[in-house]
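Residue-level listing of the chains:
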Amino acid sequence: IWYGAQWNGSGMWALDSHDLSWRQRLTVRETYHDPEGESPIGEYLVNFDRKHDVLVGFGRDGRIHVYDFADNDWTVRHEGVTSDIAPNKTALAYDSRNGVHLLANSEGLFVYDYATNEAKGIDPVGGMPNLITTTQHMTYYDAQCNVFVFYFGKSTDRHWVYRYRQ
């Protein structure tokens, strides 16, 4: 998926993996100029939720947007739990075993469950490393070990592993 929802963006496009051609899903008018305000604008972190076949977008404004492929439409699904979301200072990954999205930033650790539409902060046992807001964060979910692996950037060169549920 390519999503350019800026005033000069190109809208939303999907790559067909069979013939490697791009197909436009939404125009820039349907994204950036969305009259209902349901489409994400600006910097968003997006995960594909395999369990529900939707894209889940976490925005700088704190809101959680969901894109439904069947309806070809974005909706605001939740007002969110943290406003400090930006690609350069938020780590995001999808836990395919438990069907939840996990975010980590300078405000803490958060989980969003699409099935229940619940978003909340969580307090990990043993605490969480102090995040530096200017550091590039990366994370991924290791399905085999059932853990999130966080990397807190070259300035700290630290890793942190977190298991949401057994």
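The structure presented is a predicted model; accordingly, all values stated were derived computationally and were not measured.

**Q** For this particular structure, what's the right way to read the overall build of the chain?
**A** Looking only at helices and strands, one finds one helix and 14 strands in the chain. By the burial criterion, 43% of the 166 residues in the chain qualify as buried. Of the contacts formed within the chain by residues at least 6 apart in sequence, a portion of 41% connects residues at least 24 apart. Total accessible area on the chain stands at roughly 9,100 Å², and carbon and sulfur atoms take up 48% of it.

**Q** Sorry, what's going on with empty space enclosed by the protein here?
**A** Applying the stated criterion across every chain yields a total of one cavity of 30 Å³ or more. By volume, the largest cavity is sized at about 50 Å³. If you trace the largest cavity, you find it lined by Phe58, Gly62, Ile64, Gly80, Val81, Thr82, Ile85, Leu103, Phe110, Val111, Tyr112 and Ala119. No other element matches strand S10 (residues 108–113), which puts three residues into the lining of the largest cavity. For the lining of the largest cavity, the residue count by class is nine nonpolar, three polar and no charged.

**Q** Where do I start with the nonpolar core in this structure?
**A** Soluble, globular proteins show a tendency: their nonpolar side chains are buried together. Of all hydrophobic cores here, the largest spans 14 residues; its most connected members are Leu102, Leu109, Ile122, Phe148, Phe150, Tyr162 and Tyr164. When residues of this core are traced back to their parent elements, those giving at least two are strand S8 (91–95), strand S9 (100–105), S10, strand S13 (147–151) and strand S14 (159–162). If you tally residues by element for this core, the top one is S9, at three residues. Residues in contact with Phe150, not counting those within four places in the same chain, are Ala91, Leu102, Ala104, Leu109, Met138, Thr139, Arg158, His159, Trp160 and Tyr162. Counting 13 residues, the second largest nonpolar core, distinct from the first, contains Leu45, Val54, Phe110 and Tyr112.

**Q** Looking at this model, I keep getting lost on a nonpolar patch on the surface. Mind explaining?
**A** Among the surface-exposed residues, Leu15, Leu20 and Trp22 lie close enough to one another that they form a single nonpolar patch of about 340 Å² accessible area. For Leu20, a relative accessible area of 62% translates into the label exposed.

**Q** What is the right way to look at the pattern of salt bridges in this model?
**A** It is possible for side chains of opposite charge to pair when their charged atoms get near one another. What the rule picks out here adds up to two salt bridges. A salt bridge links Arg23 to Asp16; the nearest nitrogen and oxygen atoms lie 3.3 Å apart. You can call Asp16 partly exposed: its relative accessible area is 23%. Of the charged contacts in the structure, one is a salt bridge between Arg23 and Asp19, with a shortest N-O distance of 3.2 Å. Taking relative accessible area as the criterion, Arg23 reaches 40% and is therefore assigned partly exposed.

**Q** Teacher, can you tell me more about a negative patch on the surface here?
**A** Together, Glu30, Glu36, Asp71 and Asp73 make up a region of like negative charge exposed at the surface. Judged by its relative accessible area of 61%, Glu36 falls in the exposed class.

**Q** Looking at this structure, how should I read the sheet that holds S8?
**A** Sheets are built from strands that pair by backbone hydrogen bonding, the pairs being arranged parallel or antiparallel. Ordered by their spatial adjacency, four strands build an open sheet running S8-S9-S10-S11, and the pairing between neighbours is antiparallel. The sheet is open, and its two borders are formed by S8 and strand S11 (118–122), each paired with just one other strand. Direction aside, neighbouring strands of the sheet carry axes that sit 20 degrees apart on average. Pairing of S9 with S10, which is carried by six bridges, proceeds in the antiparallel orientation. The partner of Leu103 across the bridge, within S10, is Phe110.

**Q** Any chance you could explain the pairing of S14 here in plain terms?
**A** Successive residues of a regular strand alternate their side chains across the two faces of the sheet. Across the two faces of S14 the burial differs, with Trp160 and Tyr162 buried and His159 and Val161 not buried at all. Pairing of S13 with S14, which is carried by four bridges, proceeds in the antiparallel orientation. Each bridged residue has a counterpart across the sheet, and for Tyr151 the counterpart in S14 is His159.

Definitions and limits used
- Residues numbered from 1 in each chain as written.
- Predicted model: local features only at pLDDT ≥ 70, side-chain atom pairs only at ≥ 80, totals over all residues.
- Heavy atoms only, no water.
- Helix = DSSP H or I, 4+ residues; strand = E, 2+ residues; numbered from the N terminus.
- Buried < 20%, exposed > 50% of the residue type's maximum accessible area, 1.4 Å probe, protein only.
- Contact = heavy atoms within 4.5 Å.
- Areas by Shrake-Rupley, 256 points an atom, 1.4 Å probe, with all protein chains shown as cover.
- 1 Å grid on protein atoms, 1.4 Å probe; cavity = no way out; pocket = protein on both sides within 12 Å on 5 of 7 lines; lining within 4 Å.
- Points joined across faces, edges and corners; volume = space filled by probe spheres on them.
- Nonpolar A, V, L, I, M, F, W, Y, C, P; charged D, E, K, R; others polar.
- Core = buried A, V, L, I, M, F, W, Y, C linked by side-chain atoms within 4.5 Å.
- Patch = residues over 30% accessible without salt bridge, like charges linked within 9 Å, V, L, I, M, F, W, Y side chains within 5 Å.
- Salt bridge = Lys/Arg side-chain N within 4 Å of Asp/Glu carboxyl O.
- Lys, Arg positive; Asp, Glu negative; His and termini not counted.
- Charge placed at Lys NZ, Arg CZ, Asp CG, Glu CD.
- Pairing = 2+ DSSP bridges.
- Axes fitted to C-alpha atoms, helices over the stretch in contact; angles between N-to-C directions.

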